[in-house]
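Now for the letters of each chain:
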Amino acid sequence: MDEPAPDPAGSGGERLLIGIVADEGFAARIAASLTTAVEEAARAALGADSRISVEQVVESLPLNQEGKIPLVEAGSALRRRHGWDAVVYLTDLPRLSDTGPGLVGEFDHDSRIMLVSVPALGFIGVRRRARRVVREGIRVVLAAEVDELDPVVINNPLEARLAPVQRTSEVGADSSVFELRGVRGYLELLAGMVRSNRPWRLLPSLSGALAAAAAVGAFGIFYTSVWAMSDALSVGRLALITLFSLAIIVFWLVIHNGLWECGSGRTPRARAMLYNTFTGVTIFIGALTMYVMLYLVLLLGALTVIEVGFLSGQLGHPAGWLDYLDIAWLSSSLGTVAGALGSSFDDEEAIRRATYSRRENERHRLMQELDRDEGRSSDGVGPE
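Procedures and definitions
Chains are numbered independently. Their residues run from 1 in the order of the written sequence. At least 70 in pLDDT is required for a residue's local features to be given in this predicted model, at least 80 for side-chain atom pairs to be given and counted, and no such filter applies to totals for whole chains, interfaces and linings, which use all residues. Water and hydrogen atoms were dropped before computing side-chain values, which therefore reflect all heavy atoms in the structure. When accessible area is computed with a 1.4 Å probe and restricted to protein chains, residues below 20% of their type maximum are described as buried, those above 50% as exposed, and intermediate ones as partly exposed. The secondary structure listing takes helices from DSSP runs of H or I that are at least 4 residues long and strands from runs of E that are at least 2 residues long, numbered from the N terminus. What the arc measures is the spread of directions leading from the helix axis to the C-beta atoms. We call two residues contacting when some pair of their heavy atoms lies within 4.5 Å. N or O atoms closer than or at 3.5 Å make up a polar contact, with two conditions inside protein: a donor-capable atom paired with an acceptor-capable one, and, for residues adjacent in sequence, both atoms drawn from side chains. We call two strands paired when DSSP finds no fewer than two bridges between them. Each Phe, Tyr or Trp ring, with Trp reduced to its six-membered ring, pairs with another whose centre is within 6.5 Å; inter-plane angles below 30 degrees give stacked pairs, above 60 give edge-to-face pairs, and intermediate values give tilted ones. Here, nonpolar core means buried Ala, Val, Leu, Ile, Met, Phe, Trp, Tyr and Cys residues that are tied together by side-chain atoms lying within 4.5 Å of each other. Salt bridges, as used here, are contacts in which a Lys or Arg side-chain nitrogen is within 4 Å of a carboxyl oxygen on Asp or Glu. Residues with no salt bridge and a relative accessible area higher than 30% make up the patches, which join like charges within 9 Å and nonpolar side chains (Val, Leu, Ile, Met, Phe, Trp, Tyr) within 5 Å. Working definition of accessibility: Shrake-Rupley area with a 1.4 Å probe, residue cover restricted to the visible protein chains.

Caption draft 1: Fine view of helix α11 (residues 308-315). Every buried residue of α11 is accounted for by Leu311, Ser312 and Leu315. Seen end-on, α11 carries its buried residues on one side only, within an arc spanning 100 degrees. Tucked inside the fold, the buried residues of α11 contact α8 (224-232) and α12 (321-342). For α11, the side-chain oxygen to backbone nitrogen distance between the N-cap and Gly309 is 2.8 Å, and the N-cap itself is Glu307.

Structure follows, in C-alpha cells:
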C-alpha cells in the first residue's frame, strides 16, 4: 500500500492528498458537502497534526461488461493520474449485494479507495448519511490494519435498532463494505433509487400523452353522459377507475419503451425484479403527477363551463361542488387511459433519459446491447 507523502515543512505530521470524485448531478451535489467530513476523518485516522488536502472532480468511472464499476482498477487509475493518496467516489449507480439489498459503501484498504452508492443512502437525510459513511470509509482505508478496527458504534439506541446498515469484512481481508440489511434496507434502496431517478422529470417528456389525455378528458366536461356516470359512481368505484387508468399508462410506458428487464445470466432474476420495481415506481410517480395536473385543469374547466343550474337539471337533483369534483375525477381517468396511447408519439429516448438517472441509463443500455450481441451470436450472426 502506498505511504502518505512526507511533510515538506518538517512539522512531523503526515501529508495526505485525497480526491473526491462524483458522478454528474445529485451525486456531485452530495460530494460538494463532504470536504469537511473527509478532512476530519483523515486527521482522526492519521493524527491531528496531519496536513490534509482535498480535491473534488466531477467524473464518471467506466462500467465493465457486467454493468458494474471496477472500483480498484478505475480508482487506481484516478490516483495515478491526479497524484492522490486516497480516493472517495460517489456514484448514483446502485451497487447490489449477493447477501442483502445492496451496498452503501465499499472500502478497499490496500488501494486506499472507497465508493459510496448514493441510492443506498435512501430518500431523506442523504447528506448526513453520506458524511457518516465517508467518515467510516476514511477510517478503514487509512487504518494500519483493517482487522484491528473496532466495529461501527451507533450512539442512538433507537437508530441502532432500526439502522439497516452494517459494516462487514472477512478475516484477513483488505476490504470491507457497508451493506443494507433486512426489509427496511430494501425500502431504503428502493426509495434512494427512485430519488436518484427524479420521477418529476418524466412529465416534460410526455407531451404526447398530456395532449391526448387533455383532449379526451375535455369530453367529460361537455358530455352529459359523463356527468350522469360520475354522479352514479361511488367514491370507491371512482378510486378503482383511477388506479386502473394509472396501471394502464404505467404498463404501456414500460413495455412500449423497452424499460422492462428480464432475468438473465448477466442480470439475475432477483436483481431484475428490483430494477423493474423501481422503474415501475418511478413511472407511477410521474404518471400520478400528470394525473393530478390533468385533474386540476379539468376541474377548472368544469367550474368555468358547466353552469350549476344546468348541471342540476341534468342530474335531477341540486348540484354542489362535490359533483364538479366527481366530473373532473372521472374525466381525468378517461383522459389518462387515452394518454397511454398518446405516449406512443413521445420520444422513446427522452422517456428513458427521464426515467433513469444518467448512470442507470448507461447501465441499462449497456445490458441491452450485450444481450442483443449474445442473441446474434447464438443465432450464428456476427456483429455488424
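Caption draft 2: Region of the structure containing the pairing of strand β5 (residues 113-117). Here β5 lies mainly inside the structure; five of its five residues are buried. Residues Ile113, Leu115 and Ser117 point to one face of β5 and Met114 and Val116 to the other, with burial holding for every one of them. Here five bridges tie strand β3 (residues 86-91) to β5, and the two strands are oriented parallel to one another. By the bridge assignment for β5, Tyr89 is matched with Leu115. Bridge count for strand β4 (residues 103-108) against β5 is four bridges, and the pairing is antiparallel.

Caption draft 3: Fine view of the packing of aromatic side chains. Counted according to the given criterion, the structure contains two aromatic pairs. Plain terms: the ring middles of Phe219 and Tyr223 are 5.6 Å apart, the flat faces sit at 50 degrees to each other, and that makes the pair tilted. Residue classification places Tyr223 among the partly exposed positions, given a relative accessible area of 45%. With a centroid separation of 5.8 Å and an interplanar angle of 90 degrees, the aromatic rings of Trp227 and Phe310 are classed as edge-to-face.

Caption draft 4: Here's a closer look at the nonpolar core. Ranked by internal contacts, the top residues of the largest apolar core, which has 43 residues, are Ile18, Val88, Leu90, Met114, Val134 and Ile138. With seven residues, helix α4 (residues 126-141) is the single largest residue contributor to this core. Leu203, Ala209, Ile249 and Met290 belong to the second largest nonpolar core, which has 16 residues in total.

Caption draft 5: Quick peek at the pattern of salt bridges. If you walk through the whole model with that rule in mind, you get four salt bridges. The shortest N-O distance in the salt bridge between Glu40 and Arg135 comes to 3.9 Å. Separated by 95 residues along the polypeptide, Glu40 in helix α2 (residues 35-46) and Arg135 in helix α4 bring together distant segments of the chain. Owing to a relative accessible area of 44%, Glu40 belongs among the partly exposed residues under this scheme. Judged by its relative accessible area of 36%, Arg135 is partly exposed. The salt bridge partner of Arg81 is Glu59, with a shortest N-O separation of 2.7 Å. In this pair, Arg81 sits in helix α3 (residues 71-82) while Glu59 sits in the loop between β2 (51-58) and α3, placing the two residues 22 residues apart along the sequence.

Caption draft 6: Looking closely at a nonpolar patch on the surface. Together, Val216, Phe219, Phe222, Tyr223, Val305 and Leu334 line one region of the surface with nonpolar side chains, adding up to about 580 Å² of accessible area. If one sorts the elements of the nonpolar patch by residue count, helix α7 (residues 207-222) sits on top with three residues. Locating Leu334 in the fold gives a position in helix α12. On the basis of relative accessibility, which here comes to 38%, the residue Leu334 falls in the partly exposed class.

Caption draft 7: View of the environment of Arg95. Of note, Arg95 is situated in the loop between β3 and β4. Remark: the alpha-carbon pair of Arg95 and Glu179, spanning 84 residues in sequence, is separated by 9.4 Å.

Caption draft 8: Representation of the side chain of Thr336 in the model. Here Thr336 lies in helix α12. With relative accessibility at 0%, the residue Thr336 sits in the buried group.

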